[in-house]
Amino acid sequence: MRTLETNDWILLNSIIYKIYTMENFNQMRQQFLEQIKMLIDFDSADFYLASPNGEEKLAMPVFYNCEEDLSELYDNIDYSRGILYSGKSLIYRETDIISDEARVETEYYQKVYKPNNWHYSLQMILARDKQFVGVVTFYRTIGKDNFQYDDIFLLDMLKDHLAFRLYQQKKSGDLLEEKLTVSAATEKYELTRREQTILQLLMAGKLNLEICDELTITENTLKKHILNIYRKLGIKNRVQMFKMIKEKE
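Residues numbered from 1 in each chain as written. Predicted model: local features only at pLDDT ≥ 70, side-chain atom pairs only at ≥ 80, totals over all residues. Heavy atoms only, no water.

## Comments concerning the overall build of the chain
(1) Moving on: On a plain count of helices and strands, the chain comes out with 12 helices and 5 strands.
(2) Moving on: Taking 18 Å as the expected radius of gyration for a compact globule of 249 residues, we find that the chain reaches 19 Å, a close match to that expectation.
(3) Moving on: By its C-alpha atoms, the chain is 55 × 40 × 35 Å across when sized along the principal axes.
(4) Moving on: Put simply, the chain has 249 residues, and 49% of those count as buried.
(5) Moving on: Counting only contacts in the chain whose residues sit at least 6 apart along the sequence, the fraction spanning at least 24 positions is 63%.
(6) Moving on: Carbon together with sulfur atoms contributes 48% to the accessible area of the chain, which is approximately 12,900 Å² in total.
(7) Moving on: Separation of charge centres in the chain, based on 33 positive and 39 negative side chains, amounts to 4 Å. (Helix = DSSP H or I, 4+ residues; strand = E, 2+ residues; numbered from the N terminus. Rg over C-alpha atoms; globule rule 2.2 N^0.38 Å. Buried < 20%, exposed > 50% of the residue type's maximum accessible area, 1.4 Å probe, protein only. Contact = heavy atoms within 4.5 Å. Areas by Shrake-Rupley, 256 points an atom, 1.4 Å probe, with all protein chains shown as cover. Lys, Arg positive; Asp, Glu negative; His and termini not counted. Charge placed at Lys NZ, Arg CZ, Asp CG, Glu CD.)

## Overview of the confidence of the model for the chain
(1) Moving on: Put simply, the chain has an average pLDDT of 89, and 97% of its residues get 70 or more.
(2) Moving on: When pLDDT is averaged over each helix and strand of the chain, the minimum, 74, is found for helix H3 (residues 71–77) and the maximum, 96, for strand E4 (residues 118–128). (pLDDT = per-residue confidence, 0-100.)

## Remarks on the sheet that holds strand E3 (residues 90–93)
(1) Moving on: Read across the sheet, 5 strands follow the order E2-E1-E5-E4-E3 without closing on themselves; strand pairing throughout is antiparallel. In this open sheet, the two edge strands, each paired with only one partner strand, are strand E2 (58–64) and E3. Strand-to-strand twist in this sheet, taken as the mean axis angle between neighbours without regard to direction, amounts to 15°.
(2) Moving on: Bridge count for E3 against E4 is 4 bridges, and the pairing is antiparallel. Bridge pairing links Tyr 92 to Gln 123 in E4.
(3) Moving on: Contacting strand E1 (44–50), E2, E4 and strand E5 (131–141), helix H2 (residues 25–36) crosses the sheet at an angle of about 45° to E2.
(4) Moving on: Strands E1, E3, E4 and E5 of the sheet are contacted by helix H7 (residues 149–172), whose axis makes an angle of about 45° with E4. (Pairing = 2+ DSSP bridges. Axes fitted to C-alpha atoms, helices over the stretch in contact; angles between N-to-C directions.)

## Focus: the pairing of E1
(1) Moving on: When you tally the buried positions in E1, you get 7 out of 7 residues, the bulk of the element.
(2) Moving on: Sheet analysis places E1 next to E2, joined by 5 bridges and oriented antiparallel. The residue of E2 that forms the bridge with Leu 49 is Ala 59.

## Things to note about the side chain of Lys 232
(1) Moving on: Tracing the sequence through the fold places Lys 232 in helix H11 (residues 219–233).
(2) Moving on: A relative accessible area of 10% places Lys 232 in the buried class.
(3) Moving on: Contact partners of Lys 232, with chain neighbours within four places excluded, come to Asn 24, Asn 26, Gln 27, Tyr 189, Glu 190, Leu 191, Thr 192 and Glu 195.

## Thoughts on the side chain of Asn 26
(1) Moving on: When you line up the elements, Asn 26 lands in helix H2.
(2) Moving on: In this structure the side chain of Asn 26 is engaged in a polar contact, spanning 3.1 Å, whose partner is the backbone oxygen of Leu 233.
(3) Moving on: Setting aside anything within four residues of it in sequence, one finds Asn 26 in contact with Val 62, Tyr 189, Lys 232, Leu 233 and Gly 234. (Polar contact = N/O pair within 3.5 Å; in protein donor to acceptor, adjacent residues only side chain to side chain.)

## Considerations on the pairing of E4
(1) Moving on: Of all 11 residues in E4, 10 are buried, a share of seventy percent or more.
(2) Moving on: Looking at chain direction, E4 and E5 are connected through 10 bridges and run antiparallel. Paired with Trp 118 across the two strands is Thr 141, which belongs to E5.
(3) Moving on: Where E4 hands over to E5, the hairpin turn is made up of 2 residues, of which Asp 129 adopts a positive phi near 50°.

## A look at helix H9 (residues 193–203)
(1) Moving on: Within H9 the residues assigned to the buried category are Glu 195, Ile 198, Leu 199, Leu 201, Leu 202 and Met 203.
(2) Moving on: The secondary structure elements touched by the buried residues of H9 are helix H8 (182–188), helix H10 (208–215), H11 and helix H12 (238–244).
(3) Moving on: Just beyond H9, the residue with positive phi is Gly 205, at close to 85°.

## Looking at the packing of aromatic side chains
How two aromatic rings sit relative to each other is given by the distance of their centres and the angle of their planes.
(1) Moving on: Counting across every chain of the model gives 11 aromatic pairs.
(2) Moving on: The interplanar angle of 85° and the centroid separation of 6.4 Å between the aromatic rings of Tyr 48 and Phe 63 together place this pair among those described as edge-to-face. Residue Tyr 48 is found in strand E1, and its partner Phe 63 is found in strand E2; the two are separated by 15 residues along the sequence. The two residues Tyr 48 and Phe 63 agree in class, both being buried.
(3) Moving on: A centroid spacing of 4.9 Å and a plane angle of 80° characterise the contact between Tyr 85 and Phe 132, whose relative ring orientation is edge-to-face. With a gap of 47 residues between them, Tyr 85 in the loop between helix H4 (81–84) and E3 and Phe 132 in strand E5 connect regions that are remote in the sequence. (Phe/Tyr/Trp six-rings, centres within 6.5 Å; stacked < 30°, edge-to-face > 60°.)

Take a look at the structure:
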């Protein structure tokens, strides 16, 4: 069993503190992925929430070193759905529920893991009062060793804190997918003044080149601003942006 050093305990305390105190919910989830990387070795991760309308579906992901929303594949072909929606918090390696030889032959492995060069995964299922509230999955690329019980031990110390924050957020109704005005989104997700301007122009239907001309910036600079906006809003494309933001104030 791994012996935690003083710096490890300091980092764990910092993670727990931010889980409870960061007002921006999506930034809290993003910070969690970035900070836990200092304690657990992984190459990519995604953090999904339970669907706010009560369906057994995943919603509103944030990512670490991956961009594709795989929730539809997870919902349709993941053989661990029974565990996911059981209403119990649980941390496990995928190889704990299916042999490595068998899993590489599954449709799930072929469509989710192989295209992303992933092989092993560690899942952190979050539940509170018998309600599934979210799931974090950590991935290691092909060629790396499997996750260890030490990794499970570390996440086990954090799972109840995360589950409580997710449950409270869901209970408050803040996860309902109601559209926000640009001004409301700017305040809620702490967009900069420049990001607010770009979001307004995007919502007005302006093309990238038109925005570049209007703001006198390069296309690469604009793309960086747009990626920052997506990251703060917890989305990955313009389709999700238009679903989340009102076209008019």
